[in-house]
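Structural features, examined
What follows is each chain in one-letter form.
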Amino acid sequence: MIDDAIFIDETKILADANKFSFVWKKNTIRFDAMNREATVSLMNELKEAYSSSHIPDGSNLSLDMVDEVLTRLELRLEELEKQIEAEPKLSPNPAKQERRSLKATKRKLAARRAKRLEHQKQFKTFGKRNSY
């Protein structure tokens, strides 16, 4: 048996050459709901950890609210960078530990925001269809 078949016109026939990928509306709805729950839980963790009043509650978080929280996290990270530069030899530095956790939360929140944008784009593409 020959693994790859190459013809005179240099086309290849592979085992997975005819696979299609579909985006299903039901899965998008399900994944969007899971993404929103994860975003709300991240926001609640931030609110509990830093007892900030600028972090909104509720399940209907808009992208503007998430963007505002991300910018506030960036500002807090800049403040922590200045603190770390002022005290470079302190070990264990609590500012470094807080920075590490804030960076991880910011990265997770940005990923959730990107997924939400992707889901919105998919909903626009669906229209009245169930897949595309």
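About the cut-offs
Residues numbered from 1 in each chain as written. Predicted model: local features only at pLDDT ≥ 70, side-chain atom pairs only at ≥ 80, totals over all residues. Heavy atoms only, no water. Helix = DSSP H or I, 4+ residues; strand = E, 2+ residues; numbered from the N terminus. Contact = heavy atoms within 4.5 Å. Areas by Shrake-Rupley, 256 points an atom, 1.4 Å probe, with all protein chains shown as cover. Core = buried A, V, L, I, M, F, W, Y, C linked by side-chain atoms within 4.5 Å. Buried < 20%, exposed > 50% of the residue type's maximum accessible area, 1.4 Å probe, protein only. Polar contact = N/O pair within 3.5 Å; in protein donor to acceptor, adjacent residues only side chain to side chain. Expected span 1.5 Å × (residues − 1). Axes fitted to C-alpha atoms, helices over the stretch in contact; angles between N-to-C directions. Parallel < 35°, antiparallel > 145°, perpendicular 65-115°, else oblique. Left-handed = near helix turned anticlockwise from the far one by under 90°. Nonpolar A, V, L, I, M, F, W, Y, C, P; charged D, E, K, R; others polar.

Side note on the overall build of the protein
Looking only at helices and strands, one finds three helices and two strands in the protein. Taken from the N to the C terminus, the helices and strands of the protein come in the order β-β-α-α-α. Here the analysis covers contacts within the protein between residues at least 6 apart in sequence; of these, 63% occur between residues at least 24 apart. For the protein, the accessible surface area stands at approximately 10,200 Å², while carbon and sulfur atoms represent 53% of it.

Details of the nonpolar core
Nonpolar side chains in soluble globular proteins tend to be buried together. Among the nonpolar cores identified, the biggest contains 15 residues, and M43, L46, V66, V69, L73, L102 and L109 are the most heavily contacted of them. Elements with a minimum of two residues in this core: helix 1 (25–50), helix 2 (63–86) and helix 3 (94–126). With seven residues, helix 2 is the single largest residue contributor to this core.

Quick word on the side chain of N35
Its location among the elements puts N35 in helix 1. One polar contact links the side chain of N35 to the main-chain carbonyl oxygen of R112, over a distance of 3.1 Å. Each residue touching N35, except ones within four places of it in the same chain, is listed here: R112, K115, R116 and H119.

As for helix 1
Taking 1.5 Å as the rise per residue, helix 1 with 26 residues should run 38 Å; its terminal C-alpha atoms sit 37 Å apart, in good agreement. Those residues of helix 1 that fall on the buried side of the exposure criterion are T28, D32, N35, A38, T39, V40, L42, M43 and L46. Those residues of helix 1 hidden inside the fold are in contact with helix 2 and helix 3.

Describing the packing of helix 1 against helix 2
For the pair helix 1 and helix 2, the least separation of the axes is 12 Å and the interaxial angle reads 40°. The orientation of helix 1 with respect to helix 2, classified from their angle, is oblique. The chirality of how helix 1 crosses helix 2 is left-handed. Counted together, T39, M43 and L46 of helix 1 and M65, V66, V69 and L73 of helix 2 form the full contact between these two elements. Grouping the amino acids of the contact of helix 1 with helix 2 by side-chain chemistry returns six nonpolar, one polar and no charged.

Honestly, that's just the spatial picture; any functional story needs more than this.
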